[in-house]
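# Descriptive analysis of the structure
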Amino acid sequence: MISILDYNSEEGNLAIKKILGRSQLEYGNVQEIVNNILADVKINKNKALFEYTKKFDGVAIQENDVKVTEKEIKTAYDSVDQGLIEIIKKSAERIRHFHEKQKQNSWFSAENSGEVLGQMVRPLEKVGVYVPGGKAAYPSSVLMNIIPAKVAGVEKIIMVTPPGKDGSVNSSTIVAAVEAGASEIYKVGGAQAIAALAFSTESIPKVDKIVGPGNIYVAIAKKSVFGYVNIDSVAGPSEILILADESANPTFVAADLLSQAEHDEMASAILVTDSKKLAENVYEEIKIQTEALPKKDIVKKSLKDFSAIILVDDFKTAIHIANEIAPEHLEICVKEPFHILSDIKNAGAIFLGNYSPEPLGDYMAGPNHVLPTGGTARFFSPLSVDDFIKKSSIISFSKEALEKIGNDVIKFAEAEGLDAHANAVRVRL
C-alpha cells in the first residue's frame, strides 16, 4: 500500500531516490537477443520477419497477408461500436486541431546588401509507427503518434502492430489508424518489426523515423537502430505527480493517482502536499477505490514500490520536488494553480485545476499524450509536429555582399588552420 512520508525524513528521501532511479533500463540478455533479431532481419528480410512472427506471436504470416487489406478495414469498421467510432473521430479532430497550431513555415530574410538568409522546413518522407498489440488495444496512442506526422505533411506513414492469435489486427486499432491517416498497416510486431522499418524487407519499406511505445524488446530495438533511422524516445513506465493543497478534493486526487498506477507494476503515482489532513484523506480514498479496480493487484504493487504521499512544510519545497522528478504528468490541484505555473520548469504535460484530470489528456483534450518519462522532461518535450520535420539553412550572397565580410572569413579560417577554406573565399575576391 502507498505510504505517507515526511520529505525531511530518511524514508522520504529514499523514496524520492527510488522513484528517480526506477526507469533505468535493465537490459540483462535482452540486448543480445535484440541484436541477433536485428541482424537476422537486416540480412534475411521477410524470411526472418515471418519466422519471428511465428515464433513470438504464434501466427503464420506470409507476404500475401502481412498487409492489412481494404476488406479487413471494412470489417473493422463494421465490427467496432458506432459510438466508439464517433468518439475516435472526435478525439482525432481535437488532436489534429491542436497540432495544426504547431506547424512551422519556411522563412527568408533579404538584406539590401545582397544577402539572402533563411530556413526551409520540410516534412520527413517516410515514418514508421509502432503500436503494441496482443490483448490490449490503445487506439488513443494510434491517434497521438500518427496525427502529428500527418499534420507535418509526412507522405508515407507505415504502421506496424503484432497480430492476434487469429492473425488479425484489433478492429479499433485499424479504425484509429485509418482516421488518423496511416498509409499502410502491417501485421508484425516486436524487435523484428523495428528491424523491418529500419532496414526494409521485401514487404515493408525503410523509414526515416520510428515512433511509438512498446515492450522492453521494442524499446531496446529502437535504441539500437538509432542512427540508421531517427527515433522519438525510449519510453519508460508511466508516472504522475500531483501538487495539492488543502483546497484539493481527496476523492479526485486518489482517483488520478490510481489512473496511472494501473498501467503497470513499475508505474509511479506521487502526491506532494503541505496538508496533513489532505494526505490522510487521500490515503483512505486510495484504499477504498483500489478494491473496486479490476487491476488492483498491479495497482497495489505500483503503490507499494514506486509511489508515495509526501508531506512538505511549504509549497516552495513541493515545487522543488516536482522539478527534480520532472514527471511525465503533473497535476496542480491548488486554489490558484495558474499562480505557480511559472515556477514549474520540468514536466511533460501540466494539468491545472481540479477539473483537469490526467485521463483527459490521454484521450480528448488535444495535446499529445506521448510524453517524456523517467525524468527526461528536463530535456525532452511531448511528441509534436516538430518531430516529423527537418530544417535546412538557406544562404545566398551576391559578390558585393561577399566582399564586405570575405576578409573576415579568410582570417577566421586561417586562425583555425584551414587554408583551403580561406582560399575558397579568396579566389572570389
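Just above, that's the structure.
Procedures and definitions
Residues numbered from 1 in each chain as written. Predicted model: local features only at pLDDT ≥ 70, side-chain atom pairs only at ≥ 80, totals over all residues. Heavy atoms only, no water. Helix = DSSP H or I, 4+ residues; strand = E, 2+ residues; numbered from the N terminus. Buried < 20%, exposed > 50% of the residue type's maximum accessible area, 1.4 Å probe, protein only. Contact = heavy atoms within 4.5 Å. Polar contact = N/O pair within 3.5 Å; in protein donor to acceptor, adjacent residues only side chain to side chain. Patch = residues over 30% accessible without salt bridge, like charges linked within 9 Å, V, L, I, M, F, W, Y side chains within 5 Å. Areas by Shrake-Rupley, 256 points an atom, 1.4 Å probe, with all protein chains shown as cover. Salt bridge = Lys/Arg side-chain N within 4 Å of Asp/Glu carboxyl O. Phe/Tyr/Trp six-rings, centres within 6.5 Å; stacked < 30°, edge-to-face > 60°. Lys NZ or Arg CZ within 6 Å of the ring centre and 35° of its normal. Pairing = 2+ DSSP bridges. Axes fitted to C-alpha atoms, helices over the stretch in contact; angles between N-to-C directions. Parallel < 35°, antiparallel > 145°, perpendicular 65-115°, else oblique. Nonpolar A, V, L, I, M, F, W, Y, C, P; charged D, E, K, R; others polar. Lys, Arg positive; Asp, Glu negative; His and termini not counted. Charge placed at Lys NZ, Arg CZ, Asp CG, Glu CD.

Among the structural elements, Val-211 can be located in strand E7 (residues 209–211). Relative accessible area serves as the criterion here: at 0%, Val-211 is assigned to the buried category. Along the chain, Val-211 and Phe-388 lie 177 residues apart, while their C-alpha atoms are 9.9 Å from each other. In contact with Val-211, not counting residues within four places along its chain, are Val-127, Gly-128, Val-129, Tyr-130, Asn-145, Lys-222, Asp-232, Leu-383 and Phe-388.

The residue Lys-209 is located in strand E7 in this model. Separated by 2.8 Å, the side chain of Lys-209 and the backbone oxygen of Asp-387 make a polar contact. Apart from residues lying up to four places away in sequence, Lys-209 is in contact with Leu-124, Lys-126, Val-127, Gly-128, Val-229, Asn-230, Ile-231, Asp-232 and Asp-387.

This part takes up the environment of Gly-214. Mapped onto the elements of the fold, Gly-214 is located in the loop between E7 and helix H9 (216–225). Between the C-alpha atoms of Gly-214 and Asp-386, which are 172 residues apart in sequence, the distance is 22 Å. For Gly-214, the contacting residues outside a window of four places in its chain are Tyr-130 and Pro-132.

Right, let's talk about a nonpolar patch on the surface for a bit. On the surface, a nonpolar cluster with roughly 400 Å² of combined accessible area is contributed by Leu-117, Ile-395, Phe-397, Ile-405 and Val-409. Elements represented by at least two residues in the nonpolar patch include exactly strand E14 (389–397) and helix H15 (399–415).

The next subject is the packing of aromatic side chains. Per the counting criterion, the structure on display carries 4 aromatic pairs. Ring centres 5.9 Å apart and planes at 5° place the aromatic pair Tyr-52 and Phe-56 in the stacked group. Residue Tyr-52 and its partner Phe-56 are both found in helix H3 (residues 46–57); the two are separated by 4 residues, about one turn of the helix. Take Phe-56: its relative accessible area is 42%, and that puts it in the partly exposed class. Residues Phe-199 and Tyr-228 carry aromatic rings whose centres are separated by 4.9 Å and whose planes lie at 80° to one another, so their mutual orientation is edge-to-face. Linking Phe-199 in helix H8 (residues 190–199) with Tyr-228 in the loop between H9 and strand E8 (230–231), this pair joins segments that are 29 residues apart in sequence. Classification of Phe-199 as buried rests on a relative accessible area of 14%. A cation over a ring is seen here: Lys-42 above Phe-199, with NZ or CZ 5.1 Å from the ring centre.

Ordered in space as E2-E3-E14, the 3 strands form an open sheet in which the pairing is antiparallel. If you trace the sheet from one side to the other, it starts and ends with strand E2 (107–110) and E14, each paired once. Taken pair by pair, the neighbouring strands of this sheet meet at an average axis angle of 10°, ignoring direction. Here 9 bridges tie strand E3 (residues 115–123) to E14, and the two strands are oriented antiparallel to one another. Paired with Met-120 across the two strands is Ser-392, which belongs to E14.

A word on the packing of helix H2 (residues 30–44) against H3. Where H2 meets H3, the closest approach of the two axes is 6 Å, and the angle between their N-to-C directions is 140°. By the criterion of interaxial angle, the relationship of H2 to H3 is oblique. Residues Asn-36, Ile-37, Asp-40, Val-41 and Asn-44 of H2 lie in contact with H3, whose contacting residues are Asn-46, Lys-47, Ala-48, Leu-49, Tyr-52 and Phe-56. By residue class, the composition of the contact of H2 with H3 is 6 nonpolar, 3 polar and 2 charged.

On the surface, Asp-6, Glu-246, Asp-274, Asp-313 and Asp-314 cluster together into a negatively charged patch. Judged by its relative accessible area of 32%, Asp-274 is partly exposed.

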